[in-house]
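Residue-level structural notes
Single-letter residue listing:
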Amino acid sequence: MPLSDSKTSASRAEVSPRTQAVLDRATGALIGNYARLPIVMDRGEGSLLWDVDGNQYIDLFAGFGGCILGHCHPALVAAAGEQAHKLWHVGNTYHTEPQVEFAERLNQFAFKGQAFFCHSGLEANEAAVKLARLRGSTSSPQTGSSKKRWKIISLNKSFHGRSLAMISATGNPAVKAGFEPAVPGFVQVEPGNFDALASAVDDETAGIIMEPIQGEGGINLYPADYAPRVRQLCDERGLTLIFDEVWTGCGRTGKWFGHQYFCKLDAPRGGPASAGPTSTESCAVLPDIMTLGKAVGAGLPVGVMFARPEAAALMVPGKHGCTLGGNPICMAVARTVFDVIERERLVEHAARMGERAVARLREDARLKPKITEIRGRGLMLGIELKEPIEGFVLKAARRGVIANVTASKVVRIAPPINIPAEQLDRGLEILIDAIVGDR
Ligand code: PLP
């Protein structure tokens, strides 16, 4: 599909009667909990989107990371269609092949573990916290304590979802405001500060939850020794370590999973291990539980709690469940997501495109005075602006590029990981124009 941008941003800015009609109907019909733009999207193909007025957009945000393979990838359309003609839903009283096949992919590309399926990132995290508490409800062989361990430590600036428990885990006061009192048992500490974390652990602590890179919090990374020290602490104190890979999973960061950048304390250092096609790198710091959402269903609602077998064994019948979790259509798509990423070598592509984007952004002389930092890994990047730009997301969309702003002044770039170089370049050019306010 060629890139065309025949309409000027001025003509794009006009809200057409067709768009206005949908906006008017939406006002009466939809709850206003999203800050929606006055744009009605109609269709997508690869990394391109079109609205109902025919305006084209380069998608540099992939629906908050969900559309990891872009829009309407033919292999995913085929997988969904084939499964839709065969079996939609049967309930978890029975086995289905797509569930097992997808779980096998996780074993191949992450670590040896067992999967529980649900619909969203927050549900996966809820399941993980329940499992951590289950583990904590038995006596601790490490400390010998028979005290029930139920508290979960998370990090400031984290985001783990919008249920009552997950807003309590989330390290952002704005997310909790108005919903107090918080669910008890969640404690937040400064990210990257190991001493603060270690001193928050007490004999009632069950586990620690952290994102390998903080997404909503502003694309924040940790010092190199942080995650390995956290792992070591969990081993010493018998704590469950949960990596929330809802943003960082499925190739987004230039590794299959974000934690594959973490190297054990005794592993040779020298920066992040290079992107590779395989999964478990021998130096990687593994969690007890990894949670997935967003990209794993490529835009369909899929959440996964993936636990190492010794932890997973506690989830016996009656402890947890999800009626539509593991739905065959979603599973057939999720399995195919992994097949396509492997076949098309998209983990490596994401790493390469990420380097290309960072180089392009860093070399732009117009951008330099406007920004403080560019950070991230692979195609999970943040440009921290010196000053917030009011209405930036709409301004960028009017120019033909979809991006996002988080933590008030971090412009996020997270396109589909199969974005062609040409579209990435063009998207960045438009984005830079929008930031510097030129043209
Ligand atoms: N965890 C992380 C790291 C996230 O970024 C998000 C959503 O942005 C969630 C969990 C919640 O996922 P969902 O919106 O699918 O419930």
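Residues numbered from 1 in each chain as written. Predicted model: local features only at pLDDT ≥ 70, side-chain atom pairs only at ≥ 80, totals over all residues. Heavy atoms only, no water.

Focus on the sheet that holds strand S7 (residues 205-210)
Across the sheet, which stays open at both edges, the seven strands sit in the order S4-S10-S9-S8-S7-S5-S6 with mixed pairing between neighbours. The outermost strands of the open sheet, each flanked by one partner alone, are strand S4 (114-118) and strand S6 (186-189). Between one strand and the next, the sheet's axes are offset by a mean angle of 20°, whatever the strand orientation. Sheet analysis places strand S5 (residues 151-155) next to S7, joined by three bridges and oriented parallel. Bridging from a neighbouring strand, Ile-153 pairs with Ile-208 of S7. Each of S5, S7 and strand S8 (240-244) is contacted by helix H9 (residues 226-237), which is oriented at about 160° to S7, the strand it contacts most. (Pairing = 2+ DSSP bridges. Helix = DSSP H or I, 4+ residues; strand = E, 2+ residues; numbered from the N terminus. Axes fitted to C-alpha atoms, helices over the stretch in contact; angles between N-to-C directions. Contact = heavy atoms within 4.5 Å.)

Remarks on the site of the ligand
Taken together, 13 residues form the shell around the ligand, and within it Gly-121, Leu-122, Asp-244, Trp-247 and Lys-294 come nearest. The contact in question runs from an oxygen atom of the ligand to an N or O atom on the side chain of Lys-294, over 2.9 Å. Contact with the protein chains covers 82% of the free accessible surface of the ligand, which is 380 Å². Broken down by element, the residue count for the shell around the ligand peaks at three residues, all from helix H5 (residues 121-136). (Near = heavy atom within 4 Å. Polar contact = N/O pair within 3.5 Å; in protein donor to acceptor, adjacent residues only side chain to side chain. Areas by Shrake-Rupley, 256 points an atom, 1.4 Å probe, with all protein chains shown as cover.)

Quick look at the sheet that holds strand S11 (residues 371-377)
Read from one edge to the other, the open sheet built from four strands follows the order S11-S12-S15-S14, with strand pairing classed as antiparallel. Of all the strands in the sheet, the pair left with one neighbour each is S11 and strand S14 (404-406). In this sheet, neighbouring strand axes are inclined to one another by 25° on average, regardless of whether the strands run parallel or antiparallel. Of the strand pairs in this sheet, S14 and strand S15 (residues 410-413) are connected by three bridges, and their pairing is antiparallel. Its bridge partner lying in S15, Asn-404 is registered against Arg-412. Helix-sheet contacts for helix H12 (residues 346-363) involve S11, strand S12 (380-385) and S15, and the interaxial angle to S12 is about 15°. Sitting on the sheet, helix H14 (residues 421-436) is in contact with S12 and S15, with an inclination near 170° to S15.

Regarding the pattern of salt bridges
Here the structure, examined in full by the defined rule, presents 19 salt bridges. A salt bridge links Glu-216 to Arg-412, with the shortest nitrogen-to-oxygen separation between them at 3.0 Å. Here Glu-216 is found in the loop between S7 and H9, whereas its partner Arg-412 is found in strand S15, with 196 residues between them in sequence. Residue classification places Arg-412 among the buried residues on the basis of a relative accessible area of 2%. A salt bridge links Glu-429 to Arg-426, with the nearest nitrogen and oxygen atoms 3.2 Å apart. Here Glu-429 pairs with Arg-426, and both are found in helix H14, just three residues apart, close to one helical turn. What you see here is one network of salt bridges that share partners, running through Arg-135, Arg-231, Asp-235 and Asp-288. (Salt bridge = Lys/Arg side-chain N within 4 Å of Asp/Glu carboxyl O. Buried < 20%, exposed > 50% of the residue type's maximum accessible area, 1.4 Å probe, protein only.)

Digging into the layout of surface pockets
In this structure, the second largest pocket spans a volume of roughly 740 Å³. Taken together, the elements giving at least two residues each to the lining of the second largest pocket come down to helix H4 (97-109), S4 and strand S10 (303-307). (1 Å grid on protein atoms, 1.4 Å probe; cavity = no way out; pocket = protein on both sides within 12 Å on 5 of 7 lines; lining within 4 Å. Points joined across faces, edges and corners; volume = space filled by probe spheres on them.)

A word on the environment of Phe-179
Within the element layout of this structure, Phe-179 appears in the loop between helix H7 (173-176) and S6. In this structure the C-alpha to C-alpha distance between Phe-179 and Ala-206, which are 27 residues apart in sequence, comes to 24 Å. The contact partners of Phe-179, leaving out residues within four places of it in the chain, are Leu-164 and Ile-167.

Notes on the domain arrangement of the protein chain
It is common to give the size of an interface as the accessible area lost on bringing the parts into contact. Once the domains are mapped, the protein chain shows domain 1 (3-72 + 346-436) and domain 2 (74-343). Each of domain 1 and domain 2 has a C-alpha centre, and the two are 27 Å apart. Domain 1 puts 29 residues into the contact, and the matching count from domain 2 is 33 residues. On the domain 1 side of the contact with domain 2, Val-347, Arg-377 and Met-380 bury the most area, a combined 31% of that side's loss. At the boundary of domain 1 and domain 2, one finds one salt bridge. At the boundary of domain 1 and domain 2, one finds 12 residue pairs in polar contact (both at pLDDT 80 or more). Of all the secondary-structure elements, those providing two or more residues to the side of domain 1 that touches domain 2 are H12, S11, S12 and S15. The biggest single contributor to the side of domain 1 that touches domain 2 is H12, with five residues. Tallied by class, residues from the side of domain 1 that touches domain 2 come to 19 nonpolar, six polar and four charged. (Domains from an automatic or database assignment. Buried area = accessible area lost by both parts, 1.4 Å probe. Nonpolar A, V, L, I, M, F, W, Y, C, P; charged D, E, K, R; others polar.)

So, the nonpolar core
Judged by nonpolar contacts, the single largest core of 66 residues is most densely connected at Phe-338 and Ile-383. Two domains share this core, each providing at least three of its residues, namely domain 1 (3-72 + 346-436) and domain 2 (74-343). Residues within four places of Phe-338 in sequence aside, it is in contact with Phe-102, Arg-105, Leu-106, Phe-109, Cys-250, Trp-256, Phe-257 and Val-296. Counting residues in hydrophobic clusters, the runner-up holds 22 residues, among them Ala-127, Leu-131, Ala-132 and Phe-186. (Core = buried A, V, L, I, M, F, W, Y, C linked by side-chain atoms within 4.5 Å.)

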